[in-house]
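# Coordinate analysis (summary)
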Amino acid sequence: MNAPLPVHLLPEIAQRDTPAALIDALKTRFAAQCSTALVVREQHGRDESSFAAPPPAAVVFAESTQDVADAVKLASQHNVPVIPFGVGTSLEGHLLAVQGGISIDVSRMNQVLHINAEDLTVTVQPGVTRKQLNEAIKSTGLFFPIDPGADATLGGMSATRASGTNAVRYGTMRENVLALEVVTASGEVIRTGTRAKKSSAGYDLTRLMVGSEGTLGVITEVTVRLYPLPEAISAAVCFFPSIEAAVRTTIEVIQLGVPIARVELIDHNTVRMVNAHSKLTLREEPMLLMEFHGSPSGVKEQAELVQELASSHGGQAFEWASTPEERTRLWAARHNAYFAAIQSRPGCRAISTDTCVPISRLADCLLASVAEVDASGLPYFLVGHVGDGNFHFGYLIDPDDAREREVAEGLNHQLVSRALALEGTCTGEHGVGLHKMDFLLTEAGDGAVEMMRTIKRALDPKNIMNPGKIFSL
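About the cut-offs
Residues numbered from 1 in each chain as written. Predicted model: local features only at pLDDT ≥ 70, side-chain atom pairs only at ≥ 80, totals over all residues. Heavy atoms only, no water. Helix = DSSP H or I, 4+ residues; strand = E, 2+ residues; numbered from the N terminus. Rg over C-alpha atoms; globule rule 2.2 N^0.38 Å. Areas by Shrake-Rupley, 256 points an atom, 1.4 Å probe, with all protein chains shown as cover. Lys, Arg positive; Asp, Glu negative; His and termini not counted. Charge placed at Lys NZ, Arg CZ, Asp CG, Glu CD. Pairing = 2+ DSSP bridges. Contact = heavy atoms within 4.5 Å. Axes fitted to C-alpha atoms, helices over the stretch in contact; angles between N-to-C directions. 1 Å grid on protein atoms, 1.4 Å probe; cavity = no way out; pocket = protein on both sides within 12 Å on 5 of 7 lines; lining within 4 Å. Points joined across faces, edges and corners; volume = space filled by probe spheres on them. Nonpolar A, V, L, I, M, F, W, Y, C, P; charged D, E, K, R; others polar. Core = buried A, V, L, I, M, F, W, Y, C linked by side-chain atoms within 4.5 Å. Buried < 20%, exposed > 50% of the residue type's maximum accessible area, 1.4 Å probe, protein only. pLDDT = per-residue confidence, 0-100. Parallel < 35°, antiparallel > 145°, perpendicular 65-115°, else oblique. Left-handed = near helix turned anticlockwise from the far one by under 90°. Polar contact = N/O pair within 3.5 Å; in protein donor to acceptor, adjacent residues only side chain to side chain.

Tallying secondary structure elements over the chain gives 17 helices and 19 strands in all. Here the C-alpha radius of gyration of the chain, 22 Å, is about what a compact globule of 473 residues would show, namely 23 Å. For the chain, the C-alpha atoms occupy an extent of roughly 70 × 55 × 45 Å along the three principal directions. Carbon and sulfur atoms form 53% of the exposed surface of the chain, whose accessible area is close to 19300 Å². Counting 40 positive and 54 negative side-chain charges, the chain places the centres of these two groups 3 Å from one another.

Another aspect to go through is the sheet that holds strand 4 (residues 102-105). In space, the four strands of this open sheet follow the order 1-2-4-3, with mixed pairing throughout. The open sheet terminates on both sides in strands that have one partner only, identified here as strand 1 (34-35) and strand 3 (82-85). Across two bridges, strand 1 lies against strand 2 (residues 58-61) in antiparallel orientation. Within strand 2, the position partnered with Ser 35 by the bridge is Val 59. Packed onto the sheet, helix 3 (residues 65-77) meets strand 2, strand 3 and strand 4 and runs at close to 170° relative to strand 4.

The next thing to look at is the layout of surface pockets. Taking a probe equal in size to a water molecule and rolling it over the atoms shows the remaining empty space. Taken as a whole, the largest pocket encloses approximately 1000 Å³ of empty space. Around the largest pocket, the lining is made up of 44 residues, and of these Thr 89, Ser 90, Leu 91, Ala 150 and Ala 152 lie nearest the centre. For the lining of the largest pocket, the elements supplying multiple residues, two or more each, are strand 3, helix 5 (154-160), strand 10 (218-225), helix 12 (324-335), helix 13 (337-344) and strand 18 (380-385). When residues of the lining of the largest pocket are assigned to their parent elements, the largest contribution, five residues, is made by helix 5. Among the residues forming the lining of the largest pocket, the class breakdown is 22 nonpolar, 18 polar and four charged.

Quick look at the nonpolar core now. Nonpolar side chains in soluble globular proteins tend to end up buried together. Counting 44 residues, the largest nonpolar core has Leu 265, Met 290, Leu 366, Leu 382, Phe 393 and Tyr 395 as the members making the most contacts within it. If we skip the residues at most four places from it in the chain, Leu 265 touches Ile 243, Ala 246, Val 247, Met 287, Leu 288, Leu 366, Leu 382, Val 383, Gly 384 and Val 386. In terms of nonpolar packing, the next biggest core, distinct from the first, is built from 25 residues, Phe 30, Ala 62, Val 82 and Val 106 among them.

Attention now moves to the confidence of the model for the chain. Looking at the chain as a whole, its pLDDT mean stands at 94, while 98% of the residues score no less than 70. Every residue in residues 1-5 is under pLDDT 50, and counting partners more than four places away or in other chains gives 11 contacts.

Before going further, it helps to spend a moment on the sheet that holds strand 8 (residues 177-183). Across the sheet, which stays open at both edges, the five strands sit in the order 5-6-10-8-9 with antiparallel pairing between neighbours. Edge positions in the sheet fall to strand 5 (112-116) and strand 9 (189-193), since each has one partner strand and no second. Here the average twist between neighbouring strands, direction ignored, is 10°. Across four bridges, strand 5 lies against strand 6 (residues 121-124) in antiparallel orientation. Counterpart to His 114 in the pairing with strand 6 is Thr 123. In the packing of helix 4 (residues 130-137) onto the sheet, contacts are made with strand 5, strand 6 and strand 10, and the angle to strand 5 comes to roughly 50°.

For the pair helix 15 (residues 402-421) and helix 16 (residues 437-444), interaxial distance at closest approach is 11 Å and the crossing angle is 20°. Taken as axis vectors, helix 15 and helix 16 run roughly parallel relative to one another. Where helix 15 crosses over helix 16, the two elements pack in a sense that is right-handed. Each of Asn 412, His 413, Val 416 and Leu 420 in helix 15 lies in contact with helix 16, whose residues at this interface are Phe 439, Thr 442 and Glu 443. Per-class residue counts for the contact of helix 15 with helix 16 are three nonpolar, three polar and one charged.

With that settled, the discussion passes to the side chain of Asp 147. Locating Asp 147 in the fold gives a position in the loop between strand 7 (142-143) and helix 5. By relative accessible area, Asp 147 is classed as buried at 5%. Within the local environment of Asp 147, its side chain forms a polar contact with the side chain of Arg 262, the two groups lying 3.4 Å apart.

Rendered as structure tokens:
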């Protein structure tokens, strides 16, 4: 059994009653699509965060927008919370039923509905994952670039305003979602946005829903931008004598306006973990993993300039890859980093950080934070989408050791405080969820958070849409 945590580190659990009448109504409407089996409820009552909460009272496996609308209407009639569920890759406790209620699993809503290759758009159901989408459109010569690492659903990526490795060139979900279909707290189905590239028609409800973390509605369709597959792609790894040298190289690359597609930092701890996990033989030094997109001559020019910049900071042992197979091998180090780290300490959980700062302040924030965690003695891994100033520590804690949890949370608090002082943010892409509620108040201020509460109360007067996340009411 896990050691009890200090009260200030626990999520606020305030279970609301789920009446038998609602369960009966759900089973009547959904039959086998509604489950109250404990194993199913427990699967939908946890994510990749280190928090724990009781599971939802029931799980509805939605197969259509109408299913979602009917489930929400029934929950609304009984004032019971609703928690959307995709594939469960959230890191901040978004999926936990801290106030009880029902989970609506949209993973069966996994159809690619409309591919509009001429307009560079596609419309999908929320359970479509990013890998599934790219497989469906590969014959069009287009691709969807947002890559948060995990094979997350487009609905979940929209709800958390995800980004990932390609954000330095292609932006985040905020820039790439054009339109949504959403089931509101009353069970009404609304549409926001269009496939047009721009609009000045009314409030921007699409941007309001993107990043709302399920607290304003359940996303049931997503229309996103697509991009032409680059004529040429080249990836490279480069090793550095220190994290500072790698970060200084990154800053120069961005400030010179090199149109690099991806630039990822992996520290020596993480390289060591990945080597053990994936049976690789990478040099166990800080590493930049880069990718260049464009014409053959443009890619060559970009790569040569970056190699020159890196060499001036001690970068060496460049390895280039231009075929898909070679690039996949190089990127395996980054995509396997989280699981490699978890396996490096059997039984551990990872407390993940997600700060993002202006690129000019990246070195100040990152290097001070590395010094703090090194001094703590806590095992950790470090990866970063450093091209846009976003990086992640993963503090590897023993879930039975409350002291380790307190040390990790203390390090996270120091890191976020530093990022905010440098005009950054407490979360670059994971969202607020349960873990960063206090930090949001510090970052945005009382007035801005109260405005968010006002919007929440207006759109969800019964407070049934994923309550207890982002802020308390």
